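Here is how the chains run, residue by residue.
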Amino acid sequence: MNKNIVPPGSRYISYLSVIPLFASLTFSGLAFAQDEEAASEGVLEEVIVTATKRAENLQDVPLSIATLSGENLESIFAGGEDILALSGRVPGLYAESSNGRAAPRFYLRGLGNIDFDLAASQPVSVIMDEVVMENVVLKSFPIFDIAQVEVIRGPQGTLFGRNTTAGIVKFNSRRPTQETNGYFSGSYGTYATRNFEAAAGGSLVEDVLSTRVSVFYQGRDNWINNGFTEEEDVMGQYTEMAGRVQLMWTPSENFTALLSAQARDLDGTASIFRANVFDTGSNKLNQNYKRDTVYYDGGDNNPQGYKGSGYTLNLEWGLANTTLTSITSYQEGEGFSRGDIDGGVVDFSGTATVPPGITFDPAAPVFGFPTLTFPGTITVPSVTQDGADTDQFTQEIRLASNTDGRFSWQTGIFYFDSSLKVETESFASFGFGPVPQNTIVKHTNQAWAIFGQGNYDVTDQFSLIAGLRYTDDQRDYQVLQYGQLWLDLGIPPVAPVDVSADKISWDLTADYALDDSSSIYGRVSSGFRAQSIQGRDVAFLEFPTVADPETILSFEVGYKADLVDDTLRLNTNVFYYTVDDMQLSIIGGATNSNQVINADKGEAMGFELDLQWLINDNLMATFGTAYNDTEIKDKDLSVVPCGSTLCQAWQERDENGQVSIDGNPFPRTPKTNYSFTLRYGMPVGDDGEFFVFTDWVYYGKILMPLYSSPEFVTDNQFEGGLKVGYRNTRNNWEVALFGRNITDEDNVKGFVDFSNNTGFVNEPAIWGVSATYNFGDY
């Protein structure tokens, strides 16, 4: 249908041809300050997205998409947050990690993977500048100089391939332009939290060669004490630096080449685990919890370090009525995280001094010996270090129509090749006392695909879209080095694992324009998550496990509208999907295992709503909500629950020491999620503005493990942010005071259950001051 917002003569625009538009976009999607032209007209500005690998108006794309950019995106990172800060800012998107700043786990519409292993696959794909970041280490690349983030909900298997059964988080960097422009931005806050970003770009050869250079720095001082060693301010710090250099060559109107190189360097603190911060039967943080103090007897204060780099060449040729695109990319990353996983002290000598105010057990049953432990009872001491060394090569070649007819199409081929080595150092015990282990495993993955999608405008109001993709995926696993205990016990070596699968993904969409500003659509789509190999358990004297591919069939009906003279934008949808052979990860528990299994089926239904309202020229509000009703369906599927009598599920085990998970919700799935923002700007003179901006996110009930136990359920969690400042519109500078987690909420983000009721929490309240200067055509 021709509700075209794009220029006449081409309903679609190639991605690279709208680079100047992306670079000049200041606020869009769920943003809160309009550009000057849109503000003067008193309407919401258009939002251009690339969710279909073409540049289109958000309101014209029959998909559930939400965007973040401008002030909204910048504000949530003001307190030194990493990529996890995106969680909840788009309704239905949840993110968490037990690996510090290095390995995020994303969830959409309830689908995700709770596995902390560095080799774990995920059903939410992260796309950075048109390149899939497959490994969790690559997904954690810092967010800076970003034009827009697109969150595309639901299966995207046709255009983006396997491991997109839940959806996509897509990052679009600002691109080089012929105009000179850029910015400097910095902030300083609590715990000496420091942020600095800068970018500059422009023409090197007029109309032929342009560049953009972007740099990033984040830092924070140590602020967490070790109450056992009586060391003050020894954990919590990080220093992260990153940069990106881009060159764009346009020797003719029909050819564009974009070369990008980026790198990062992280030195910081891994996740902070806190022993026995939940009482039996309660999910409330107890007296053992102190935000600025932990009690560690190992882990070297939980250090973390990662480095990474990547190179991408994007070529685009304008041919007769078509556009040919080639995207070649190589990405790599390596590093480690170390931690005191039990989160407390296990003192075999019984002579340690227990700090006042915390619980302890003078005779905890550790390896059958009565042992002094604190906080609380700790049954298994554990210190581990996991390191990854990964690289990937991707190649996509795509041919797309570029005409103004009723039928448009695109087709392409895709190739993926990756290698990953994971080294696990463990000082956990196996009943023989603490024995150091050092195990190295290797994963390789090759995949190729061919795909196509067509869009036919049946009438000016009604369109049909259909797509098809064939994928072949091959995965291999082998053990390169065994731990000493494996060798001492004479356990037979693990045979190499080789699994493969080929699948067809498809989608069919009907889109109907009710009028010039509203439409309804219906979509049926399928996708699959490739087979998974989980081999970390070799470090703990267990054998690898393999899960078959999971497949999804999704149904969605949506409504999109710009209302009230284009001052109110409402996008909403309802969905239902089933997942066959659903992949689930069994983490921890009494067996302290890390295994992957298949459930017979998973089922989910829900809705999402994104609302943006320009109340008047000075006041903007947004509201978003998501609801997920999910259920695991497998009457014969049971798992071993927590490894401690401190967990209530321990009392509910069957004769095999297991509990059923049939009927349970998907793990780490917020039942409800709300987000709300409000921005008020008051003119000051002819060229200034005083503004107040606040943003809030809320999560309903979340069951963190596969099994049900009240200690590991969160509910009614929220966080808020605030920014108050002055902006000079003539000289393009801004100063502001900001706060993140302004009510200083202590929100539980994860747990460890094999040794005790361990938990870890969100970032503390951060208050600070920020300043930004933009220059050129920005």
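These figures come from a predicted structure and were not determined experimentally.

What counts and what doesn't
Residues numbered from 1 in each chain as written. Predicted model: local features only at pLDDT ≥ 70, side-chain atom pairs only at ≥ 80, totals over all residues. Heavy atoms only, no water. Helix = DSSP H or I, 4+ residues; strand = E, 2+ residues; numbered from the N terminus. Pairing = 2+ DSSP bridges. Patch = residues over 30% accessible without salt bridge, like charges linked within 9 Å, V, L, I, M, F, W, Y side chains within 5 Å. Areas by Shrake-Rupley, 256 points an atom, 1.4 Å probe, with all protein chains shown as cover. Salt bridge = Lys/Arg side-chain N within 4 Å of Asp/Glu carboxyl O. Buried < 20%, exposed > 50% of the residue type's maximum accessible area, 1.4 Å probe, protein only. Phe/Tyr/Trp six-rings, centres within 6.5 Å; stacked < 30°, edge-to-face > 60°. pLDDT = per-residue confidence, 0-100. Contact = heavy atoms within 4.5 Å. Lys, Arg positive; Asp, Glu negative; His and termini not counted. Charge placed at Lys NZ, Arg CZ, Asp CG, Glu CD. Axes fitted to C-alpha atoms, helices over the stretch in contact; angles between N-to-C directions. Core = buried A, V, L, I, M, F, W, Y, C linked by side-chain atoms within 4.5 Å. Polar contact = N/O pair within 3.5 Å; in protein donor to acceptor, adjacent residues only side chain to side chain.

Let's talk about the environment of Ala-400
(1) Moving on: Mapped onto the elements of the fold, Ala-400 is located in strand β23 (residues 383-401).
(2) Moving on: With 365 residues separating them along the chain, Ala-400 and Ala-765 place their C-alpha atoms 48 Å apart.

Quick look at the pairing of strand β19 (residues 322-340)
(1) Moving on: Of the strand pairs in this sheet, strand β18 (residues 303-319) and β19 are connected by 16 bridges, and their pairing is antiparallel. Bridge assignment links Thr-312 to a residue of β19, and that residue is Ser-329.
(2) Moving on: Between β18 and β19, which pair antiparallel and follow one another directly, the connecting turn spans 2 residues, one of which, Asn-321, has a positive phi of 65 degrees.
(3) Moving on: Bridge count for β19 against β23 is 19 bridges, and the pairing is antiparallel. Considered in β23, the bridge of Glu-332 is made with Asp-391.

Examining a nonpolar patch on the surface
(1) Moving on: Nonpolar side chains collect at one region of the surface, where Phe-184, Phe-196, Val-213, Val-215, Val-245, Trp-733, Val-735 and Tyr-773 lie side by side and expose about 650 Å² of accessible area between them.
(2) Moving on: Here Val-213 is to be found in strand β12 (residues 209-220).
(3) Moving on: For Val-213, a relative accessible area of 38% gives the class partly exposed.

Regarding the packing of aromatic side chains
(1) Moving on: Going through the model one piece at a time under the given rule, you end up with 24 aromatic pairs.
(2) Moving on: Between the aromatic rings of Tyr-94 and Tyr-699, the centroid separation amounts to 5.4 Å while the plane-to-plane angle is 85 degrees, which identifies the pairing as edge-to-face. With Tyr-94 in strand β4 (residues 93-96) and Tyr-699 in strand β38 (residues 688-699), this pair connects stretches of sequence that are 605 residues apart.
(3) Moving on: The class for Tyr-94 is buried, based on a relative accessible area of 3%.

Considerations on the pairing of β23
(1) Moving on: Of all the 19 residues making up β23, 14 are buried; the element is thus mostly covered by neighbouring parts of the structure.
(2) Moving on: Where β23 meets strand β24 (residues 407-426), 17 bridges bridge the pair, whose relative direction is antiparallel. Across the sheet, Leu-399 pairs through a bridge with Thr-411, a residue of β24.
(3) Moving on: The hairpin formed by β23 and β24 contains 5 residues between the paired strands.

Concerning the confidence of the model for the protein chain
(1) Moving on: On average, residues of the protein chain score 92 in pLDDT, and 93% of them are at 70 or above.
(2) Moving on: When the criterion is pLDDT under 50, residues 1-40 qualifies, and its contacts beyond four places in sequence or with other chains add up to 116 contacts.

Brief notes about the pattern of salt bridges
Working definition: two side chains of opposite charge can pair if their charged atoms are close together.
(1) Moving on: For the structure on display, the rule yields 38 salt bridges.
(2) Moving on: Between Asp-145 and Arg-212 there is a salt bridge; the shortest N-O distance is 2.8 Å. Note that Asp-145 is positioned in the loop between α4 (136-139) and β8 (146-153) and Arg-212 in strand β12, a separation of 67 residues in sequence.
(3) Moving on: We classify Arg-212 as buried; its relative accessible area is 2%.
(4) Moving on: Residue Asp-460 is joined to Arg-406 by a salt bridge in which the shortest nitrogen-to-oxygen separation is 3.7 Å. Of this pair, Asp-460 sits in the loop between β25 (437-457) and β26 (462-481) while Arg-406 sits in the loop between β23 and β24, placing them 54 residues apart in sequence.
(5) Moving on: The partly exposed category is assigned to Arg-406, whose relative accessible area is 40%.

Some words on a negative patch on the surface
(1) Moving on: Taken together, the side chains of Asp-548, Asp-580, Asp-581, Asp-600, Glu-631, Asp-636 and Asp-662 present a region of like negative charge at the surface.
(2) Moving on: For Asp-600, the location among the structural elements is in strand β33 (residues 593-616).
(3) Moving on: When its relative accessible area of 48% is taken as the criterion, Asp-600 is described as partly exposed.

Quick look at the sheet that holds strand β14 (residues 231-235)
(1) Moving on: One open sheet accounts for 3 strands, arranged β14-β13-β17; its pairing is mixed. Two strands close off the open sheet at either side, each with one partner strand: β14 and β17 (293-294).

So, the sheet that holds strand β22 (residues 369-374)
(1) Moving on: Judged by pairing direction, the sheet is antiparallel, and its 3 strands sit side by side in the order β20-β22-β21 without closing on themselves. Strands at the two margins of the open sheet, each flanked by one partner only, are β20 (345-347) and β21 (361-366). Averaged over neighbouring strand pairs, the angle between their axes works out to 45 degrees when direction is ignored.

Notes on the nonpolar core
(1) Moving on: Residues Leu-86, Phe-171, Leu-584 and Tyr-707 are the most contacted members of the largest nonpolar core, which totals 65 residues.
(2) Moving on: It is strand β32 (residues 568-588) that provides the largest number of residues to this core, a total of 6 residues.
(3) Moving on: Residues in contact with Phe-171, not counting those within four places in the same chain, are Ile-83, Leu-86, Val-126, Ile-127, Met-128, Asp-129, Ile-143, Ile-146, Gln-148 and Val-149.

Quick notes on the environment of Asp-695
(1) Moving on: Here Asp-695 shows up in strand β38.
(2) Moving on: Looking at Asp-695, the relative accessible area reads 1%, which means it is buried.
(3) Moving on: With 74 residues separating them along the chain, Asp-695 and Ala-621 place their C-alpha atoms 9.8 Å apart.
(4) Moving on: Discounting chain neighbours no more than four positions away, the residues touching Asp-695 are Ile-76, Arg-89, Phe-676, Thr-677, Glu-719, Gly-720, Gly-721, Leu-722 and Arg-740.
(5) Moving on: There is a polar contact of 2.9 Å between the side chain of Asp-695 and the side chain of Arg-740.

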